[in-house]
Amino acid sequence: MRSRQKIARLAKAAAAGTMVVRAGIVGVNFAVMMGLAYALGLDAFGRLALWWSIALVAGTAFSLGGPLILLRGMTDGSGIHFAGILRVAVIYPAMLAALGYGPLQVMWPALPWLTLVAVALGVNLLSCLASVLRGLGNVQGSMILRDAGPHLALGAALLLRPGDVLAGFATAALLMALAAGLAMLRITLPQGDAQRAWPRDAGPLWGASMLGVGVAQADLIVGGLFLPPEVFGLYAILRRVANLIALPVTVATWVSAAPISAAFGAGDVQGLQRASAGGSRIAVLSGGVIFTATIMALALAPLVVTPAQLHIAQGVLALLALGGFVQVWFASGFTVATLCGFARYAALARLAMVGLYLAAAFALGPALTAFANAAIYLGATSIGSVALWWALRRAVGVDTSAAVLLQGRVARWRTS
């Protein structure tokens, strides 16, 4: 009996149920991208990875913060009309995309912007509808729609249009639109008076979203500019592998967000420290295992890459894996910052990450190698994470790193 209770407590601490759902989604996305890499070859897959990263960044830019605006409108009691959802999820992004298409075509004429804009709008639409579903209590459905929907659409599109990346992207945009239509049919909004759909702080919400996606995609976009196609294709694959280490970070955020917000609202800094430590525990328990497995798997690299690419693959994966573990170690920082009135700290930390990375990468320019790209990315993201941790320690008196699990400390309320 006692052993069963212990197992139950451990399972709860690791958010096992949530982790399984999230792991399934990440596994599907990983399988889709690896399947496409195998089917297309490194050259074409490198082009696909570059276009996909650009579409994700463009989708967030066109969103105007829509997914966060809809999620808050659905959960803070103000409500939102279906017409408001259409404006935020469809009309406003389409208008901004129409305004931005011309300048984008002039600045980067080599890219198929019409197709990329269509994919970007499709990704944003699914993300917006996922926020509505999450606000209605359909957590699993929202996760699948937002995180797996775009990848499944891309994989299915390239099965229908094999070997043609451009046609596959256009088909993916169409499939995402069809999926969004089906999702809309399942949305039944509660009755009641809905407030305006566009909050006053939409700008900061949009900025936080933009910088988050910018950090996630910066090394892929810049790498696609300067690295040879085959080398970049390999880098994109290794980046996907390393991303698995940070899988628990999302789960930790979902599980710890409510207790972090509640503790801060009550002025309970000890409760805030415990909630932050709970998020770190979820991230480190699982992320540490994945990181260890990834480092051990470096010995298997000769089985899957050519001798000419072996040293590149091992070095790049080791650096990217370390970067993933840094995210795991400081997992609670961005959650505490965004939920406790310090979103500006999170935005500045992400701005520092993007700025430092871009400055160093463009300084090298055509001399940029895959190893240098990974090293610069590791350095920039680590500096930003440490800076946010330091700022929150000074402002709130809470240790948002996993070090608190080793020290067993609970922060005291600071009045100065």
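None of the values given here were measured: they were computed from a predicted structure.

Along the backbone of the protein chain there are 16 helices and zero strands. Among the 416 residues that make up the protein chain, the fraction classed as buried is 50%. Long-range contacts, defined here as pairs at least 24 residues apart, represent 79% of the contacts in the protein chain between residues at least 6 apart. Within the structure as shown, the protein chain displays about 19,300 Å² of accessible surface, and the carbon and sulfur contribution to it stands at 68%.

Before going further, it helps to examine helix α14 (residues 343–364). Relative to the 32 Å expected for 22 residues at 1.5 Å per residue, α14 spans 32 Å between its end C-alpha atoms, a close match to the ideal helical length. Positive backbone phi, at 60°, marks Gly365, one or two positions downstream of α14.

Moving on, we get to the layout of surface pockets. Within this model, the second largest pocket holds a volume of roughly 480 Å³. Forming the boundary of the second largest pocket are 20 residues, of which Ile54, Val57, Ala58, Met210 and Ile221 lie nearest the centre. Going through the elements one at a time, α2 (16–63), α4 (82–107), α8 (202–226) and α14 are the ones with two or more residues in the lining of the second largest pocket. Grouping the constituent residues of the lining of the second largest pocket by class yields 18 nonpolar, two polar and no charged.

This part takes up a nonpolar patch on the surface. A contiguous nonpolar surface patch, about 390 Å² in accessible area, is contributed by Phe82, Leu86, Val90, Ile91 and Met95. For Leu86, the location among the structural elements is in helix α4. Look at Leu86 and you get partly exposed, because its relative accessible area is 30%.

This part is about the side chain of Ser127. Locating Ser127 in the fold gives a position in helix α5 (residues 113–135). Discounting residues that sit within four places of it in the chain, Ser127 has contacts with Pro67 and Arg146.

Time to look at the nonpolar core. Core analysis: the largest hydrophobic core is formed by 104 residues, its most contacted members being Leu36, Leu48, Leu129, Leu154 and Phe169. Top element by residues in this core is α2. It accounts for 18 residues. Beyond its immediate sequence surroundings of up to four residues, Leu154 is in contact with Met33, Leu36, Leu48, Trp52, Phe169 and Ala172. One finds Ile245, Val251, Val328 and Ala331 within the second-largest nonpolar core, a separate group that totals 11 residues.

This next bit is on the environment of Leu154. On the secondary structure map, Leu154 appears in helix α6 (residues 139–160). Along the sequence, Leu154 and Phe169 sit 15 residues apart, while their C-alpha atoms lie 6.7 Å from each other.

On to the confidence of the model for the protein chain, then. Considering every residue of the protein chain, the mean pLDDT works out to 81; 85% of them sit at 70 or more. Of all the helices and strands in the protein chain, helix α1 (residues 2–13) carries the lowest mean pLDDT, 45, while helix α15 (residues 370–396) carries the highest, 94. Contacts for the low-pLDDT stretch residues 1–8, under 50 throughout, to residues beyond four places or in other chains number zero contacts. Scored below 50 in pLDDT, residues 409–416 makes 18 contacts in the model with residues more than four places away or belonging to other chains.

Here we come to empty space enclosed by the protein. Tallied over the entire structure, the rule returns one cavity of 30 Å³ or more. Each pocket or cavity is described by its volume, and for the largest cavity that value is around 30 Å³. Residue lining of the largest cavity: Phe330, Gly333, Phe334, Ser385, Leu388, Trp389 and Thr400, and that is the complete set. The set of elements that each furnish at least two residues to the lining of the largest cavity consists of α13 (331–339) and α15. In terms of residues, the lining of the largest cavity owes the most to one element, α15, which gives three residues. Along the lines of polarity and charge, the residues of the lining of the largest cavity split into four nonpolar, three polar and no charged.

The rules we used
- Residues numbered from 1 in each chain as written.
- Predicted model: local features only at pLDDT ≥ 70, side-chain atom pairs only at ≥ 80, totals over all residues.
- Heavy atoms only, no water.
- Helix = DSSP H or I, 4+ residues; strand = E, 2+ residues; numbered from the N terminus.
- Buried < 20%, exposed > 50% of the residue type's maximum accessible area, 1.4 Å probe, protein only.
- Contact = heavy atoms within 4.5 Å.
- Areas by Shrake-Rupley, 256 points an atom, 1.4 Å probe, with all protein chains shown as cover.
- Expected span 1.5 Å × (residues − 1).
- 1 Å grid on protein atoms, 1.4 Å probe; cavity = no way out; pocket = protein on both sides within 12 Å on 5 of 7 lines; lining within 4 Å.
- Points joined across faces, edges and corners; volume = space filled by probe spheres on them.
- Nonpolar A, V, L, I, M, F, W, Y, C, P; charged D, E, K, R; others polar.
- Patch = residues over 30% accessible without salt bridge, like charges linked within 9 Å, V, L, I, M, F, W, Y side chains within 5 Å.
- Salt bridge = Lys/Arg side-chain N within 4 Å of Asp/Glu carboxyl O.
- Core = buried A, V, L, I, M, F, W, Y, C linked by side-chain atoms within 4.5 Å.
- pLDDT = per-residue confidence, 0-100.

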